[in-house]
Every structure is written in C-alpha cells, then in structure tokens.
Amino acid sequence: MENKKKSNFSGSLGFVLAAAGSAVGVGNIWRFPYLAAKDGGGLFLVIYLILVLTFGFTLLTTDVAIGRRTKQNALHAFGTIRPRWKFLGYLTFLVPALIMTYYSVIGGWITKYLVAYLTFGGDAAAQDGYFTDFITSRISPIVFMLVFLAATAFVVYRGVEKGIEKFSRFIMPGLFVLIIGIAVFSLTLRFQDQDTVRTGLQGLKVYLLPDFKGLTVKRLLEILLDAMSQLFFSLSVSMGIMITYGSYVKKDVNLSKSLGQIEFFDTLVAFLAGMMIIPAVYVFFGTEGMASGPSLMFVSLPRVFEAMGPAGSLIGLIFFVMVLFAALTSCVSVMETLVANCMELFHTGRKKMSLIIGVIFAVAAVIVCLGYNIFYFELPLPNGQTAQILDLMDYISNSFLMPFISLLTCILIGWVVKPSWICEEMESSGHPFGRKKLYAFMIRYVAPVIMAVLFLQSTGILNLLRSFISR
Ligand code: PFF
C-alpha cells in the first residue's frame, strides 16, 4: 500500500496536471469573480496578484516540499518533522472536512444548470429569480447535490490515481479555450435604456482599474482577507492536499518550475473567469449587481449565453459540462484527502471508507442546502458579508482556519526547522530554486505577521480593538 502510494505521478506533467486539476475548480470560476465584484474589481485584483506572487508561492512551495521530503500525507508529515507539531496535521485535516460540506452543494448547482441547458436550452436559467427559486426550493438542490456527490465518491471509491491524471489532461485545456472565448464575447455586450448605456468595455475597466475612492483601513483589511482566503482556497494550500500530492512526486522533478506553472495556470483561469463574468454583470445589472455574492456566476452567465443567440444554448451546455468536470476534479481531491487520511487513522479499506465519508458528507451537505430555506438566517461576518450556512462554512475554513494554520506552519518552518530545510528539498533534483531569498524572507517575517493580522481580522478581534482604541 505504502509503496503503491509513492511516486504516483508519471512525471512532472502528471503532477502539474493533477495539482492544477485540484486547484482549478469552482474557486476560480465561481468564487474569484464574486469576491472580486463584491470588493469593487480592480483593487481586489491587484491585491490578489501581489498575494499570489508572494504568499501563494510561499505557501504552495512549503506544502509540496514538506510532502516530497517527508513522503507522508499531512496527518503524519508534521509529526515526522517535529513530533510535538503533530497536532498541526490534525488541524489541517479540518479544512477539507469543512470545505467538503459545501463543495458538493455548489457542484449540485452546476449540475442543475447543466441539466437546464441540456433539456430546455437554458432559456429558463436566464430569467430573473431562477437561481433564487432553485436554491430556496426544498428538494431540488438536495437531489442535484446528491448526484454530484455520488459521482465524486465513485471516482474516489475506484481509486483516484489513474482517474485524476486522465481527466485533467483534456478537460483543462478545453475549459481554458472556452473561458477565453466567452470572456471576449462578454466585452462586446451592451445595454441601453432611456438614459443609460453600459458596455462590456466599461465593465472591463471596473474589473481592471483599482478605485481608491473612499478607501479606509478597515475596508482594505476586508479586501485583503477576502483575497487571502481566495488564495488559500484556489491553490488548495494549507489544507493538506498539496502535502499529499507532494508526497507522490518523484525526486527528479523540478519542483520550482512545476509550482510556477501551477500558480500561473490557476491565476490565469481565475483572471479570465473574472473577465468573463464581471463585465457582463456590469452591463446587465450595473455596479449594484456586483454585490450579489455567491449567485453571481449563476445569474450573469445565463444572460451572456442568452445574448449570444441560438449558439448560446450549445455554448452554455459545453461550458457547464466543463465547469462540472473542473468542480469534480477538485471535489475528488478534497474527498480523496479525507478518505486517504481516514483509511490510515481507522485502518480501513478504501471502499468502505469512501462509502462512510460519502454518507457523512451527504448528511452535512443536506443541512447546507436547507440553509436556504428551513435553516435560513442572516449572519453578518467580519468581512462585510451576510452569511447563510454555506458562507459560514466557507468563512470558517478559508478566512479563519487557514490563516491560523498558515501562521503555525510559518513558525514551524521559518523558525523551528528553518527555511533551508525546504530549500534543500527544492534543490534536491539538481535544479535551482529561483526565488529562494524571497521564500526565506516571506516565511520567516512577512507571512507570520500578515497571517496573525488576518487571523485577528477574521475573528473580529481587530475590529473590536480598533473601536476600543478610537473610543
Ligand atoms: N482549489 C479548488 C478550487 O479552486 O475550486 C477548491 C479546493 C480543492 C479547495 C481542494 C480545497 C481543496 F482541498
């Protein structure tokens, strides 16, 4: 078993594709655009890009190098580095467990849209209220979620090794081309009534150009927290997945180069998804429509497809098929982590564990679905969002737990074992580790401070302190 797990990927391409398969998912296509829109476009984008080049690179490098050096998954990797830090492995494990509760719900939404395009050409999906009517209904979101979850569980049940590589190889490039095409089309859109004209190009400006008007420190911190939470989520870092994937990578693979490719690809897809969605939202709904949150993609894209005329139904269909696969590869990686770790913890076989985890998360996801009707509430969060159960789970895992886990990881690597431990692994294949100095500086000084600030911000403590001081 151990042997079979090691060096699973056929080479660097296999690793890059599988890691990109995990990284590129609804985070890029659904989450990134809605956060960027909520935070006013340009400023979020700039902050995110800076974070990717600094933090994203630091965190991804740390995870993958820990995995390859220890040859362990997250649960044991930290204990192998320093036995006292074993707890961090367990803490890391909580993140995919939380994400799994709602990822399949969004997967269900995508499945529903796919079916809508398959059966009625998507006309209904472009109507006002379609999305809200759907998610607030009792049965339908649960049924679609279960279909998506069953598909995920099936892949994991069968054994993920061959599956992921094969999937990613043709889905990723296809999705990429389609997103570019739709993004370009979005820029040609135009809306006109008596006294307003809004065009796609104006929307592009909103997306690209930072607007500093009325910016406060509080707002900046909110945006920073959103961008950082997005980074964690999108790159699948600080949640054990990249540690596990790192443990599958052969020693001769040039990690530095592979990680650069993963980072680049993940960010590019997110950027283009924003370009596909935000100008369209701007054209159809103006700047007010940009704050609509999780519904953004599901409300605006069908409008774009409708505007394409008859071809729109087909393009919409192909688009949702591809997004569904991207979501599936990501969800598989989340579930795989849970299953692989639980197999070790409870000494059970893959098949049994897949079934058990599948059932547990089906129950959890049903509760998340009911968050839009029976269990509906409106909870204000420290990032300015109003949350239902889904957003709350997302917030706890990405905005609260991940900065905390990253802070601890930075302390462990930066100060206890020292960055050279990671750098040695990065160079062990005989290739240079280009951003070595930046890495050491980030992990020791910058990352821990920013993570601590974000952690305080996410818990609301920082706001409390600030109002206390200004009193
Ligand atoms: N990175 C994935 C996305 O952007 O959709 C989501 C994800 C995958 C999150 C795997 C967490 C994870 F462990």
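Residues numbered from 1 in each chain as written. Predicted model: local features only at pLDDT ≥ 70, side-chain atom pairs only at ≥ 80, totals over all residues. Heavy atoms only, no water.

## Description of the layout of surface pockets
Point 1. In this structure, the largest pocket spans a volume of roughly 330 Å³.
Point 2. Ser-292, Pro-294, Tyr-372, Thr-386 and Gln-388 are, among the 19 residues lining the largest pocket, the residues nearest its centre.
Point 3. Secondary structure elements with two or more residues in the lining of the largest pocket: helix 3 (26-38) and helix 7 (130-136).
Point 4. In terms of residues, the lining of the largest pocket owes the most to one element, helix 7, which gives four residues.
Point 5. Across the lining of the largest pocket, the residue classes tally to eight nonpolar, eight polar and three charged.
Point 6. As a volume, the second largest pocket reaches approximately 270 Å³.
Point 7. Taken together, 17 residues form the lining of the second largest pocket, with Asp-39, Gly-40, Asp-211, Phe-212 and Lys-213 sitting closest to its centre. (1 Å grid on protein atoms, 1.4 Å probe; cavity = no way out; pocket = protein on both sides within 12 Å on 5 of 7 lines; lining within 4 Å. Points joined across faces, edges and corners; volume = space filled by probe spheres on them. Helix = DSSP H or I, 4+ residues; strand = E, 2+ residues; numbered from the N terminus. Nonpolar A, V, L, I, M, F, W, Y, C, P; charged D, E, K, R; others polar.)

## Considering the nonpolar core
A general trend in soluble globular proteins is that nonpolar side chains are found buried together.
Point 1. Counting 171 residues, the largest nonpolar core has Phe-15, Ile-29, Trp-109, Met-276 and Phe-319 as its most contacted members.
Point 2. Counting residues per element, this core draws most heavily on helix 6 (residues 86-120), at 18 residues.
Point 3. Here Ile-29 is in contact with Leu-175, Ile-179, Val-269, Ala-273, Met-276, Ile-277, Met-297, Phe-319 and Val-323, once residues within four sequence places are set aside. (Core = buried A, V, L, I, M, F, W, Y, C linked by side-chain atoms within 4.5 Å. Buried < 20%, exposed > 50% of the residue type's maximum accessible area, 1.4 Å probe, protein only. Contact = heavy atoms within 4.5 Å.)

## Remarks on the pattern of salt bridges
Point 1. Here the structure, examined in full by the defined rule, presents 13 salt bridges.
Point 2. The closest approach of N and O atoms between Arg-303 and Asp-128, which form a salt bridge, is 2.6 Å. With Arg-303 in helix 14 (residues 296-307) and Asp-128 in the loop between helix 6 and helix 7, this residue pair connects regions lying 175 residues apart in the sequence.
Point 3. Since its relative accessible area comes to 18%, Arg-303 is described here as buried. (Salt bridge = Lys/Arg side-chain N within 4 Å of Asp/Glu carboxyl O.)

Just distances and angles here, no functional claims.
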